[in-house]
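Analysis of the macromolecular model
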Amino acid sequence: MKKIFTFFGVLALSVVANAQIVINEVYGGGGNSGATFTNDFVELINRGTAPVTLTGATLQYASSTGTFNQYHPLPSITLAPGQTFLIQEGAGSGGTVALNPDFVAPAPTNFNGSASPSAPGFAMSGTNLKIVLASNATQVVNPTDGNVLDFVGVGNANQFEGTGPAPAMTNSTSVSRVNGADTNNNAADFVAGTPTPTNSTLAVTDVINVKSAFVQNTQVTDAIHFGSKADVKIYNMNGQVVKTASVSNTRALDASDLQPGMYIVTGSVDGQPVSQKILKK
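Residue positions are given per chain, counted from 1 along the sequence in the order it is written. Per-residue local features of the predicted model are confined to residues with pLDDT of at least 70, and side-chain atom pairs are confined, for both listing and counting, to 80 or more; whole-chain, interface and lining totals are unaffected and use all residues. With hydrogens and water stripped out, all remaining heavy atoms of the structure feed into the side-chain values.

**Things to note about the sheet that holds strand 5 (residues 58-62)**
Two pairing modes exist for strands in a sheet, parallel and antiparallel, and in both the strands are linked by backbone hydrogen bonds. Ordered by their spatial adjacency, five strands build an open sheet running 10-6-5-11-12, and the pairing between neighbours is antiparallel. Where the open sheet ends on each side, the last strands, each with one partner, are strand 10 (109-110) and strand 12 (148-154). Both strand 5 and strand 11 (residues 129-134) contribute to a ladder of five bridges, which runs antiparallel. Bridging from a neighbouring strand, leucine 59 pairs with leucine 133 of strand 11. Here the rule is simple: two strands pair whenever DSSP picks up at least two bridges between them. Put simply, DSSP marks the helices as runs of H or I at least four residues long and the strands as runs of E at least two long, and each gets a number from the N terminus on.

This is the structure we're talking about:
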C-alpha cells in the first residue's frame, strides 16, 4: 500500500524535550514461517536532545496476558540524540537474513528462581506480547511502576500505556514508534509495518554531522510531501547526498528516482532542524 510521509514543523518541535531512551521497535516473528529475519529483536532509541546513559537496565518480557516472568540485563550504553540500539532476541528455525545487532541478549533469567532457558534471548510471540524497558532487575507488575522506563503492550495485551495496546504483529511485520513520539499511549505511538532493525552504527548523527531533532522510520513510494516550507537534502546510508530540494506549501519532492532502501532526509522545516530516516519501497 502506498504511504506518503509528511513533515510538519510542529512535529519537529514536539520532540524537543528531555532526553530519554525508549523502545522504538519490537519484532517477535523472527525465524517463523514467512519471516525474513532469523531473530526477534527490540530496538531502543534516544528520542531526546542530549546524550543519555543507561546503567543496570533490563528488558522484561511477558505474554500478552501473563506476568513478567523473565528478564535479561542490558549493557551500560550511552546513546546520542536519535541514536538507536539493536538488541537481538530469540531465533526461530526459519528466516534468511541475520541481524547486525549491538547486543545479543543472553539466556533470560526467571524471576521465580526456576531453571532459566538455555537459548539466548526471549522467545517472543510473533503476534501479541508485553515488553518493558526497566531501570533495574526488579520485577515489573504494572505500567506505572517506578522502575518502568518504557512499557509496550502489543496486540491483545491486557496491559499497556494509555488507551490501548500497539497493533498486533505478524511474522512479516513489527510495531514501531510513529513520528518519534512518546505520548505514553501505545495505541497512538506505534504502527505495524515492515521490520527495519537499525543498529547504532546507522544512527542519523553518525551518518550526518547534525543534531537530530526528529527521527522516524517510515515508508515512501513516489513522493515526500511537506506541510511547511522546507530546505532538505537526502542522504544514502553511506553519507552521500543523492537529492537536494526546497519545497513549500503543497509542493512535493519527487522520490521516484531513488532506488529502494534506507535514506536520511535532513534539513529544516520552518527554521527547525529535522532529520528523518525513511524506507523507500
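**A few points about the confidence of the model for the chain**
This prediction gives the chain a mean pLDDT of 79; 73% of its residues lie at or above 70. For the stretch residues 1-19, pLDDT sits under 50, and the model shows 56 contacts to residues farther than four places along the chain or on other chains. Predictor confidence is given residue by residue as pLDDT, running from a minimum of 0 to a maximum of 100. Contacts between residues were defined by any pair of non-hydrogen atoms, one from each residue, lying within 4.5 Å.

**Here's the deal with the packing of aromatic side chains**
The geometry of an aromatic ring pair is captured by two quantities: the separation of the ring centres and the angle between the planes. Any two rings among Phe, Tyr and Trp, with Trp reduced to its six-membered ring, count as a pair given centres within 6.5 Å; such a pair is stacked if its planes are under 30 degrees apart, edge-to-face if over 60, and tilted if neither. Here the structure, examined in full by the defined rule, presents five aromatic pairs. Taking the centre distance of 6.5 Å and the plane angle of 85° together, the rings of phenylalanine 37 and phenylalanine 41 count as edge-to-face. Taken individually, phenylalanine 37 and phenylalanine 41 each receive the classification buried, so the pair is uniform in this respect. For the ring pair tyrosine 61 and phenylalanine 122, a centre distance of 5.5 Å and an interplane angle of 25° mean the geometry is stacked. Classification of residues uses two cut-offs on accessible area relative to the type maximum, computed with a 1.4 Å probe and protein chains only: under 20% is buried, over 50% is exposed, and between them is partly exposed.

**Some thoughts on the sheet that holds strand 8 (residues 84-91)**
Taken in spatial order, the six strands make up an open sheet running 9-8-3-2-13-14, and their pairing is mixed. Of all the strands in the sheet, the pair left with one neighbour each is strand 9 (103-104) and strand 14 (190-193).

**Focus: the pattern of salt bridges**
By salt bridge we mean one thing: a side-chain nitrogen of Lys or Arg within 4 Å of a carboxyl oxygen of Asp or Glu. Scanning the model with the defined rule gives three salt bridges in all. Its salt-bridge partner being arginine 177, residue aspartate 182 comes within 3.3 Å of it at the nearest N-O pair. By the burial criterion, aspartate 182 is buried, and arginine 177 matches it. Across the pair arginine 177 and aspartate 189 runs a salt bridge whose closest N-O atoms are separated by 3.8 Å.

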